[in-house]
Amino acid sequence: MATMHDNQLLDNGQGVIDPDTYFLRNNPPSNLAEFEAKTSEFVQYHKERNTPVVLITSGGTIVPLENQTVRFIDNFSAGTRGSVSAEKFLENGYAVIFMHRQFSLQPYSRHYTHSTNCFLDYMTLTEDGKIEVDAKYAAAMATTLAKYQKARSNNMLLLQDFVTLSDYLFKLKSGTRIMATLGRSAMYYLAAAVSDFFIPTEKMAEHKIQSRDGALTLTLDQVPKFLKPLVSVWASNGLIVSFKLETDEKLLVPKARQALEKYGHQIVVGNMLTTRKKTVTFITQDSERIVSLSQEELDNDVEIESKIISELLKYHRAWISHGTLEGQ
Ligand code: PMT
């Protein structure tokens with residue numbers, strides 16, 4: 001742990017600490033060793049087989065208000081982008097590490113878990129008391145089940161979860177460093193919605209905050225920008241795709257460009273809160289391209305992630321063969 005004197009030296013004068021200081025001042029999650037062991041085994045398995053691997057982050061992080069957490073601040077994300085993308089990567093021969101917020105949407109089960117139906121509605125009881133899948137859902141469920149079982153039995157899908165911001169950041173650092181052994185055949189697809197503000201452990205209430213003291217005023221510190229060490233140190237050879245979510249259209253491309261300039265990675269996929277399921281913008285150092293679904297595609301339930309992934313596969317092929325995005 002850093003001392004008080006260290007703390008004063010390590011922040012930038014405006015209370016923003018650097019990523020290394022964050023890891024010194026916060027405790028790693030209790031299951032980090034297990035996370036690392038499973039990730040290493042998975043990565044080694046695919047390295048031996050020359051399979052491209054993508055690390056997908058998906059869902060939102062929480063920021064606890066109390067050490068013994070009753071209340072927390074959540075980030076918006078159901079995990080749709082990440083879980084649909086995982087399916088598309090798997091269909092294209094990628095091995096997928098799916099690092100997701102616990103209980104958010106997961107590939108394949110997403111078709112059933114968070115739908116308006118209760119899972120029991122997919123089943124029926126026969127006259128002799130056996131449970132069967134209702135005939136009207138059976139064909140689609142069989143197709144989904146076959147894809148899921150193929151992914152699991154071929155060891156193509158590793159499910160890992162996180163809950164808090166700290167949990168996420170420790171696992172992101174470990175996961176990307178382990179993936180780095182794959183060099184350029186690693187892709188990082190950072191679709192998770194990560195908190196920008198948090199309460200450091202030493203400033204957090206230990207017990208449930210009591211309402212008897214009246215209104216609650218919170219001061220949150222800024223989370224250090226982890227994309228910086230991720231791009232320059234942890235995952236420097238892989239193809240890094242970050243996402244940018246905005247609600248003001250005017251900010252989308254400028255903020256995405258700013259991120260590319262600041263961190264030096266390869267691609268930002270920009271999306272607007274209200275249109276994210278039908279249009280995204282690909283921004284690279286020297287290009288900008290809108291990718292959308294047509295009305296016909298929307299009517300036929302085409303998911304925009306199939307277009308996102310097919311674009312990224314072209315970029316990744318170019319990246320693997322000559323370390324730039326040119327010629328994709
Ligand atoms: O799951 P859905 O409901 O389908 O929603 C998908 C989505 C809208 C959440 C997704 O498409 C998306 O846009 N995800 C990124 C949203 C976001 O948090 O953007 P940001 O501006 O806070 O962060 C931009 C990038 O910087 C992220 O890739 C993040 O990994 C990175 N970051 C953020 C905070 C931080 N402290 N360090 C970082 O490195």
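Residues numbered from 1 in each chain as written. Predicted model: local features only at pLDDT ≥ 70, side-chain atom pairs only at ≥ 80, totals over all residues.

### A closer look at helix 4 (residues 80-91)
For helix 4, which comprises twelve residues, the first-to-last C-alpha distance of 17 Å matches the rise-based estimate of 16 Å (1.5 Å per residue) to within 8%. Across the twelve residues of helix 4, ten count as buried, placing the element largely inside the fold. Every buried residue belonging to helix 4 is among Arg 81, Gly 82, Ser 83, Val 84, Ser 85, Ala 86, Glu 87, Lys 88, Phe 89 and Leu 90, and all of these are buried. At the exit of helix 4 stands Gly 93, carrying a positive phi of roughly 85°. (Helix = DSSP H or I, 4+ residues; strand = E, 2+ residues; numbered from the N terminus. Expected span 1.5 Å × (residues − 1). Buried ≥ 20, exposed ≤ 12 C-beta atoms within 10 Å, placed from the backbone.)

### A short note on the UniProt feature "domain: DNA/pantothenate metabolism flavoprotein C-terminal" (unreviewed entry) in the protein
Mapped onto the present numbering, the UniProt feature "domain: DNA/pantothenate metabolism flavoprotein C-terminal" (unreviewed entry) falls at residues 54-120 and 178-306. The distance from the first to the last C-alpha atom of residues 54-120 is 33 Å, and the span holds 24% helix and 27% strand. Overall, residues 178-306 shows 26% helix and 27% strand. The separation of its end C-alpha atoms is 27 Å. (UniProt positions renumbered as here; feature names shortened; annotations may be inferred.)

### Considerations on unusual backbone geometry
Its identity as a non-glycine residue notwithstanding, Asn 50 has a phi of 60°, on the positive side. In this structure, Asn 50 sits in the loop between helix 3 (32-48) and strand 1 (53-58). One non-glycine residue, Asp 301, lies in the positive phi region at around 55°. Its place among the elements puts Asp 301 in the loop between helix 10 (295-299) and helix 11 (304-322). For Asp 301, a count of 7 C-beta atoms within 10 Å corresponds to the exposed category.

### Details of helix 7 (residues 165-179)
Owing to its 3.6 residues per turn, the α-helix brings residues three or four apart onto one side. Between its first and last C-alpha atoms helix 7 spans 21 Å; for 15 residues at 1.5 Å apiece the expected length is 21 Å, and the two agree. Where burial is concerned, most of helix 7 is hidden: 13 out of the 15 residues are buried.

### Some points on the pairing of strand 8 (residues 186-190)
The element strand 8 is largely enclosed, with a buried count of five among its five residues. Here strand 8 shows no split at all, with Ala 186, Tyr 188 and Leu 190 on one side and Met 187 and Tyr 189 on the other all buried. Of the strand pairs in this sheet, strand 1 and strand 8 are connected by five bridges, and their pairing is parallel. Among the inter-strand pairings, Val 53 is bridged to a residue of strand 8, identified as Ala 186. Summarising the sheet, strand 8 and strand 11 (residues 239-246) pair through four bridges and their orientation is parallel. Residue Met 187 lies in a different strand from strand 11, and its bridge partner there is Leu 239. (Pairing = 2+ DSSP bridges.)

### A few points about the sheet that holds strand 14 (residues 287-292)
With respect to topology, eight strands assemble into an open sheet ordered 7-4-1-8-11-12-13-14, the strand pairing being mixed. Taken across any chain shown, the strands that pair with only one partner, and hence form the sheet edges, are strand 7 (157-162) and strand 14. Put simply, the sheet's adjacent strands are angled 15° from each other on average, direction ignored. As paired strands, strand 12 (residues 267-272) and strand 13 (residues 279-284) are joined by three bridges and run antiparallel to one another. Within strand 13, the residue paired with Val 268 across the bridge is Ile 283. Sitting on the sheet, helix 3 is in contact with strand 1, strand 4 (95-101) and strand 7, with an inclination near 155° to strand 7. Most of the contacts of helix 11 go to strand 11, to which it runs at about 145°, and overall it touches strand 8, strand 11, strand 12, strand 13 and strand 14. (Axes fitted to C-alpha atoms, helices over the stretch in contact; angles between N-to-C directions. Contact = placed C-beta atoms within 7 Å.)

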